[in-house]
Amino acid sequence: GASVFSYCSNLKNVTLPKNLTILSSNIFRETAIETITLPETLTTLGERLFYNCRSLKEIKIPESVTVIPTNCFYNCSSLVSVTLPDGITNIEGYAFDSCSGLTNIKLPTSLTTLGESAFSNTALTEILFPTGLNEIAGKTCYNCQALERVVISEGTTKIGSSAFYGAKKLTE
């Protein structure tokens, strides 16, 4: 169910069952979780799943997951490593907003939808948008002050307002 471990501020380590398919909304919200291994059977991540988990350092999303939901990793300020599988089609709004330690992310070629502020307030230095992504949503990389390079594919037909606002180091 939702919010199972929310606000368990001393919770650092969790072992999940190997046959788990769904992690509901807010389960680990505002915990001290540092590492977690998501089972390969997992298909669904809930909104705000790791919201404000400031100690989470890395995450590997299983191949069976296709959507990174809204606010899933919001303000995971210690998050430095994210592995997204090629099956990801949708990264919803604010999914990685305020992950201030995140300097690099490889967007999968399968990505077709990217929500508003998906990577706002991160430390990304470069972002390459895949060919299947038609629209770069508004505020996608808002206030990404370390962003130096953006590669927009030929498949992109629309760039939302303030997509790269505040990217002071952007040169390419």
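Anything mentioned here points back to the structure above.
Now for a look at the structure at hand. Please read all numbers here as calculations on a predicted model, not as lab measurements.

**Brief notes about the pattern of salt bridges**
Here is step 1: Counted by the stated rule, this structure contains 5 salt bridges.
Here is step 2: The partner of R149 in a salt bridge is E126, with the nearest N and O atoms 2.7 Å apart. Taken together, the residues span a long stretch of sequence, with R149 in strand β10 (residues 149-151) and E126 in strand β8 (residues 126-128) at a distance of 23 residues.
Here is step 3: Classification of E126 by relative accessible area gives partly exposed; the value is 32%.
Here is step 4: Note that K158 is salt-bridged to E135, the shortest N-O span being 3.9 Å. On the criterion of sequence distance, the pair formed by K158 in strand β11 (residues 158-159) and E135 in strand β9 (residues 135-136) is long-range, its members being 23 residues apart.

**As for the packing of aromatic side chains**
Here is step 1: Under the defined criterion, the tally for this structure stands at 8 aromatic pairs.
Here is step 2: On the numbers, 5.4 Å between centres and 10° between planes, the contact of F28 with F50 is stacked. Here F28, found in the loop between β1 (22-23) and β2 (44-45), pairs with F50, found in the loop between β2 and β3 (58-60); they are 22 residues apart in sequence, far enough to count as distant. Both residues of the pair, F28 and F50, belong to the buried class.

**So, the environment of I152**
Here is step 1: Its place among the elements puts I152 in the loop between β10 and β11.
Here is step 2: Along the backbone, I152 and E135 are 17 residues apart, and their C-alpha atoms lie at a distance of 10.0 Å.
Here is step 3: In this structure I152 touches F129, I136, I159 and F164, once residues within four positions along its chain are discounted.

**Looking at the sheet that holds strand β4 (residues 67-68)**
Here is step 1: One open sheet holds the 3 strands; their spatial order is β4-β6-β7, and the pairing between them is parallel. Both outer strands of the open sheet, β4 and β7 (113-114), are each paired with one neighbouring strand and no more.

**So, the layout of surface pockets**
Here is step 1: Computed from the structure, the largest pocket encloses a volume of approximately 190 Å³.
Here is step 2: Together, 14 residues line the largest pocket, and I105, K106, L107, I127 and L128 are the ones closest to its centre.
Here is step 3: Ranked by the residues each element gives to the lining of the largest pocket, the list is headed by β8, at 3 residues.

Cut-offs and rules
- Residues numbered from 1 in each chain as written.
- Predicted model: local features only at pLDDT ≥ 70, side-chain atom pairs only at ≥ 80, totals over all residues.
- Heavy atoms only, no water.
- Salt bridge = Lys/Arg side-chain N within 4 Å of Asp/Glu carboxyl O.
- Helix = DSSP H or I, 4+ residues; strand = E, 2+ residues; numbered from the N terminus.
- Buried < 20%, exposed > 50% of the residue type's maximum accessible area, 1.4 Å probe, protein only.
- Phe/Tyr/Trp six-rings, centres within 6.5 Å; stacked < 30°, edge-to-face > 60°.
- Contact = heavy atoms within 4.5 Å.
- Pairing = 2+ DSSP bridges.
- 1 Å grid on protein atoms, 1.4 Å probe; cavity = no way out; pocket = protein on both sides within 12 Å on 5 of 7 lines; lining within 4 Å.
- Points joined across faces, edges and corners; volume = space filled by probe spheres on them.

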